[in-house]
Each structure stands twice: as structure tokens, then as C-alpha cells.
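Below are the chains, spelled out letter by letter.
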Amino acid sequence: MDFSLSDEQKMVQRTVREFVQNEIMPLEQQVLRNEREGRPGIAREEIRRLQLKAKEMGFWGINTPEEYGGANLGPIMTALITMELGRTFVPFSFGGSADNILYYCNEEQKKRYLIPLINGERRSCFALTEPGAGSDARNIRMPAVKDGDHWVLNGEKIFITNGNEADFAMVFAVTDKEKGADGGVTCFLVDRDMGWRSEYIHTMGEWGPASLIFENVRVPEENILGELGKGFALGMKWIGQGRWVIPARAVGAAERLLQMGIDYAKTRVTFGKPIAERQAIQWMIADSAVEIEATKWIVLRAAWMAEKGLDARHQSSMAKLHGAIMANQVVDRVLQIHGGMGYTKELPIERWYREARLWRIFEGTDEIQRRTIARNLLKGHVKVGELMG
Ligand SMILES: Cc1cc2nc3c(=O)[nH]c(=O)nc-3n(C[C@H](O)[C@H](O)[C@H](O)COP(=O)(O)OP(=O)(O)OC[C@H]3O[C@@H](n4cnc5c(N)ncnc54)[C@H](O)[C@@H]3O)c2cc1C
């Protein structure tokens, strides 16, 4: 068993860490200021400038196949890179990527959706959740009714990330009520100018998702992604990809936060001694380090399994569950170590505190991950103590 990284992996990790430190972290104060002034995030042009700078260094299309100009670095490298990007709360990601399910586009659709998305000319959103169906996504109800060579969509999607900014949506709708998720849900590529509108939802984080409203939106038959009735499986593929990416991001954030906690504990003096000398503080530091380390290895094993072409779903659920809880515990402890300062907007801790809370909810709540893990064990898909690899 060899836990060491290859020279190439170490080089990529170091390069991304330096890029994050030198190029992205300096924007943090700007992000905090923007949020206070009600303009969340940073300007799209600024992100674009950084993405193009990163492109010169080879960081473009991390998971995008070479034939589309990507670097196609694979799951392990993606996990390592995501951990590094997670060290800052600036909403930055490398350019040149597209939603994984858009590779199911036919040639014509690729020209209109996949390639412009990779090039950064268009923006997408993934619209599955409805007011009546979140965790229970199989229960979506939005009807798509055939009318000549079009499908007519009516209803509402809710909590859609990028729903305000996207110019097209991957919309999951019911084309056969009898069959439901097993053959009766279809994914449609729906341009905003086909008639849907979005409404901002205010949340405790800064990236407000949106409700998407469909009133007799007519979608041409040729805008079906993949096959009629095969949309639910595509939806699960899209969600599946995020399962170990979220905890990878959580590892980066938690490591940075823990370091902040350590640095502060060594300098903050109470009752004549640095608080770092108090056992109560040391235990918070120790527990955080152990939980981060555990998450890191669960994530890397999930990524390793994906890279080997093995079924990584069980491991990914464990990574998502453990990582999301870990990050919330670490940020809470680090806030506690900082006392009143941790609660202020002078420091980024309270911001991370709000962001990390989402990680326990979207792309499968804690409870849904537990449900998946328990089911796999109870049904014998995965056996306790099974030999690894
Ligand atoms: C900021 C944000 C961004 C999002 N982005 C997107 C997006 O881009 N696209 C998209 O389609 N969706 C998106 N979502 C939706 C997200 O995936 C759902 O909110 C999530 O799946 C939970 O669904 P729900 O909110 O309907 O909660 P519910 O499903 O109603 O669950 C409520 C509570 O009950 C628990 N629960 C549910 N079922 C069970 C069970 N069987 N056993 C035990 N406990 C259970 C849940 O864990 C939760 O605690 C986003 C949500 C947020 C908040």
C-alpha cells in the first residue's frame, strides 16, 4: 500500500496552491466587501481573467476530454485540485468545463450547448428539484406534454444554483406519468428565451439559487438530452459527480480554518497565557485535525475507485456525509477559538460557517447519504469488512 503522491500530483498540488495563494486569496476582502454591499461574489470578468491566466499554466478543462481542449486529469487529480481551491472562499473554478451529462448531447446539441459552455460563452443550470420533491427526486411532477413536434412544460423548479445567471437549463420533466422515474422522466435543454423566467431566492449563503417558472414553455423535440424517458438516470449521474467533490472542497476549507485557529490560539492571551496552552482549546484543534485527515482519505479513496473504473457510489456517499459534517464542526470550533472576533465580518470565519451549512443539505442531505449507506449494507451490495481494492 502506497499513500504517496506521484511527482506529477505533487507538482500540480503545489502549483494550484501557489495560484490560489497569489491570485485568488487577494480577492477575499473584495468578496467580503461585495457581500456586505449586497453584490455577492466577484465580477464575471475578473473570474474570466483568472481562468485565462490559469489556462496559460495548463489548468483548463480539468475533467474535459482532450478532444474538447481539456486536460482530462482524472478523478484523483480533480480531488487534489479541489482541495486546493477549497482553501479560499472566493467562488473560483478553472474554466473549460461543462456539466458531465452534456456529453450525452448529439452533434447538433454539442454545437449549441456543450461547446459554448466549455468556452465560457454560455451558462447552464441543473433543474431537478421542485417545491414538492427534493430528497425524493423520483417524485418530481412537472409535466411535459407533447404537442406536434414540441413538448410543453408547465410548473416550477426550486433552489436552482445559477438559475438567475444561466441562459439555458437542463430541465427534468415527466413525459410519462405511469412510468414515473423508471422510464417516464426526460431531460430537456431549455433556453431561457424559450420562455422560462427565474426568481432569486434569498439564503443564508451568498449564492442565492433561483426558482424557475415555466408557463407553457414550448421546447422542440430536438432539445431532448439523451433519450426520451431516460432522464432520471442522467439526473443521478449529474448529482453523483458532486458527491466527493463537495467533501474535497470541505477538506481545503477546513485545513485553512484550522490553521487560522492554531495561529490565533498561539497569540491570544487570556489569564496570562496563550489560549493554545489550554486543554479545552487543544482538544478542539486535535479533534479537527483527526476529522480532516479522515475525510481526506475517504475522498481520495472514492476518487481512486472512480479512477479505476470501480463503483464509487458507496464511498462517495461516505465522503459527502463525513466531509460535510466535519467542515461544520471544524468551522464551529475555529469560530469558538476566535471568540467574539470569530463572529465578526472582519474575518472570513462566519462566512465559511454559513457556506458550510449548505454542504449538509444539497446534492443529498446527511440523512439521504445515511440512507444510501445503510441500504447498501443492509441489502448486501457492500459488505462490512470487505477486503479493499
Ligand atoms: C443553495 C441550494 C442550492 C441548490 N442547488 C440545486 C440545483 O442546482 N439543482 C437542483 O435540482 N436542486 C438544488 N438544490 C436542492 C437540493 O438538492 C435539495 O434542497 C435537497 O435535495 C433537499 O431537498 P428538500 O430541500 O426538498 O428537503 P426535503 O427532501 O423536504 O427534506 C427535509 C428534511 O427531511 C429529511 N429527509 C427527507 N427524506 C428522508 C428520509 N427518507 N429519511 C430521513 N430523513 C429524510 C432531509 O434530510 C431533510 O433534513 C439546492 C438547494 C440549496 C439549498
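Everything numeric here is computed off the predicted structure, so don't read it as measured data. (Residues numbered from 1 in each chain as written. Predicted model: local features only at pLDDT ≥ 70, side-chain atom pairs only at ≥ 80, totals over all residues. Heavy atoms only, no water.)

Q: Explain the overall build of the protein chain to me, please; I cannot follow it from the model alone.
A: Looking only at helices and strands, the protein chain has 12 helices and 10 strands in total. Taking 389 residues into account, the globule formula puts the C-alpha radius of gyration at 21 Å, and the protein chain, at 22 Å, falls close to it. Seen through its principal axes, the protein chain has C-alpha atoms that stretch 80 × 50 × 40 Å. Contacts in the protein chain between residues far apart in sequence, at least 24 positions, make up 71% of those at least 6 positions apart. Of the charged side chains in the protein chain, 51 are positive and 52 negative, and the gap between their average positions amounts to 4 Å. (Helix = DSSP H or I, 4+ residues; strand = E, 2+ residues; numbered from the N terminus. Rg over C-alpha atoms; globule rule 2.2 N^0.38 Å. Contact = heavy atoms within 4.5 Å. Lys, Arg positive; Asp, Glu negative; His and termini not counted. Charge placed at Lys NZ, Arg CZ, Asp CG, Glu CD.)

Q: Just checking my understanding: could you explain the packing of helix α7 (residues 245-267) against helix α8 (residues 279-307) for this structure?
A: When two helices pack together, their arrangement is given by the angle between the helix axes and by the axis-to-axis distance. Two elements in contact, α7 and α8, have axes separated by 10 Å at closest approach and are oriented at 160 degrees. Classified by the angle their axes make, α7 and α8 are roughly antiparallel. For the crossing formed where α7 meets α8, the hand is left-handed. Here Pro 247, Ala 248, Val 251, Ala 254, Glu 255, Leu 258, Ile 262 and Ala 265 of α7 lie close against α8, whose contacting residues are Ile 281, Ile 285, Ser 288, Ala 289, Ile 292, Thr 295, Lys 296 and Val 299. When its residues are assigned to classes, the contact of α7 with α8 shows 12 nonpolar, two polar and two charged. (Axes fitted to C-alpha atoms, helices over the stretch in contact; angles between N-to-C directions. Parallel < 35°, antiparallel > 145°, perpendicular 65-115°, else oblique. Left-handed = near helix turned anticlockwise from the far one by under 90°. Nonpolar A, V, L, I, M, F, W, Y, C, P; charged D, E, K, R; others polar.)

Q: Looking at this structure, I do not really get the nonpolar core. What am I missing?
A: Inside soluble globular proteins, nonpolar side chains tend to come together where they are buried. Ranked by internal contacts, the top residues of the largest apolar core, which has 61 residues, are Ile 81, Phe 92 and Phe 94. Every element with two or more residues in this core is listed here: α1 (7-24), α2 (28-36), α3 (44-56), α4 (74-85), α7, α8, α9 (313-337) and α11 (349-359). Top contributing element to this core by residue count: α7, with 11 residues. Ignoring anything within four residues of it in the chain, the contact list for Ile 81 reads Val 12, Val 16, Phe 59, Ile 62, Leu 73 and Phe 94. (Core = buried A, V, L, I, M, F, W, Y, C linked by side-chain atoms within 4.5 Å. Buried < 20%, exposed > 50% of the residue type's maximum accessible area, 1.4 Å probe, protein only.)

Q: How should I be thinking about the sheet that holds strand β5 (residues 185-191) in this particular structure?
A: Here four strands make up an open sheet; going across it, the order is β1-β4-β5-β8 and the pairing mixed. Strand pairing shows two members of the sheet lacking a second neighbour, β1 (124-127) and β8 (224-225), which therefore form its edges. For strand β4 (residues 168-174) and β5, the ladder comprises seven bridges, and the chain directions are antiparallel. Bridge assignment links Met 170 to a residue of β5, and that residue is Leu 189. Sitting on the sheet, helix α5 (residues 107-118) is in contact with β1, β4, β5 and β8, with an inclination near 75 degrees to β5. (Pairing = 2+ DSSP bridges.)

Q: Can you help me understand the pairing of strand β7 (residues 210-220) in this one?
A: Look at any regular strand and the pattern is simple: side chains alternate between the two faces of the sheet. Where burial is concerned, most of β7 is hidden: eight out of the 11 residues are buried. Relative to β7, strand β6 (residues 197-200) is paired through four bridges, and the arrangement is antiparallel. Residue pairing in the sheet places Tyr 200 in a bridge with Ala 210 of β7.

Q: Can you help me understand the pairing of strand β3 (residues 150-160) in this one?
A: Strand direction decides the pairing type here: strand β2 (residues 144-147) and β3, joined by four bridges, are antiparallel. Residue pairing in the sheet places Val 145 in a bridge with Val 152 of β3. In this structure, the hairpin formed by β2 and β3 is closed by a connection of two residues, where Gly 148 is found at a positive phi of approximately 65 degrees.

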